Amino acid sequence: MPFSPKTKEDALVACGRHCCICHKFCGIKIEVHHVIPEVDDGDNSFDNAIPLCFDCHADMKSYDHKHPKGSKYSVKELKQHRDNWYRKVDGNIGIANRQEIVETDKRVFQDLVRILPWDGSIDFIRRRNFAGFSFKLDKLDELYDFQYACDNPAFEFVDPDLEGLRSQLLEYILKFNGVVAIETFPTHSPGFNAVPEEWETEQHERFHKVVTLIHETAQNVCETYDALVKNAIRKLGVLPEKNAQHL
């Protein structure tokens, strides 16, 4: 049996319609998952419910017990992720208004735009045509710097909306960096990579697919970055410091 409408509604309110694993804001693209599956006698209580985005929910359903790869989430781990996120949303719904929260998030925001300014790697991938044209690898350094910074548990917003966008930005940057690492190759010019130009004639379908994927993931990165900056300015009432950018 599915969760009752009330249980499902309570869970979605508790998480603010963010995924309890990756913290991405989902809107209507969210599922309420059974922590302990019904086939294993899991009940339909609020305690057994965890809201997840489509991607994280797919991870739960696709794990192959007969041929295990990676590490499956444990019941304890899932509940800890969920409860930690519920507590964050419960204390910080809507516009951040407690001074200590605002001050903490201001520092995180200034660190973020210092590491990942709008006119560096973000501007580069926003404007770059990757369709067979080479690009300088170090133009992407700030994306990797941001990825590394996210390993720091202190590099996290208290406000759930901002944290959801930061987590979503990290997810898209990881996807973009992954595509670049796998589908682009060094050229004759040191420090430059490209989608192989010969693919356009010899492997046209692959060429088109890779270029489209790079452009789509780049667009996702830029749109999420823009949304994060705009929301941070609105919620925190602060503009990025000039010395945090290449001005």
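All figures in this text were calculated on a predicted structure; none of them were measured in a lab.

Draft legend 1. Layout of the pattern of salt bridges. Counted under the stated rule, the structure contains 16 salt bridges. For Asp47, the salt bridge identified is with Lys79, shortest N-O distance 2.8 Å. Here Lys79 lies in helix H3 (residues 75-91) and Asp47 lies in the loop between strand E1 (30-34) and strand E2 (49-53), a separation of 32 residues in the sequence. Judged by its relative accessible area of 42%, Asp47 is partly exposed. Bridged by salt links that share partners, the residues Lys24, Asp55, Glu171 and Lys175 form one connected network.

Draft legend 2. Just unusual backbone geometry, in detail. A positive phi angle is found at Arg17, which is not glycine, with a value near 60°. Along the polypeptide, Arg17 turns up in the loop between helix H1 (5-15) and E1. The exposure class of Arg17 is partly exposed, given its relative accessible area of 32%. For His23, which is not a glycine, the phi torsion comes out positive at approximately 70°. Here His23 lies in the loop between H1 and E1. According to the relative accessible area criterion, His23 is buried, its value standing at 15%.

Draft legend 3. Fine view of a negative patch on the surface. A contiguous patch of negative charge, built from Glu197, Glu198, Glu200 and Glu202, is present on the exposed surface. Note that Glu202 resides in helix H8 (residues 199-202). When its relative accessible area of 61% is taken as the criterion, Glu202 is described as exposed.

Conventions adopted
- Residues numbered from 1 in each chain as written.
- Predicted model: local features only at pLDDT ≥ 70, side-chain atom pairs only at ≥ 80, totals over all residues.
- Heavy atoms only, no water.
- Salt bridge = Lys/Arg side-chain N within 4 Å of Asp/Glu carboxyl O.
- Helix = DSSP H or I, 4+ residues; strand = E, 2+ residues; numbered from the N terminus.
- Buried < 20%, exposed > 50% of the residue type's maximum accessible area, 1.4 Å probe, protein only.
- Patch = residues over 30% accessible without salt bridge, like charges linked within 9 Å, V, L, I, M, F, W, Y side chains within 5 Å.
- Areas by Shrake-Rupley, 256 points an atom, 1.4 Å probe, with all protein chains shown as cover.
- Lys, Arg positive; Asp, Glu negative; His and termini not counted.
- Charge placed at Lys NZ, Arg CZ, Asp CG, Glu CD.

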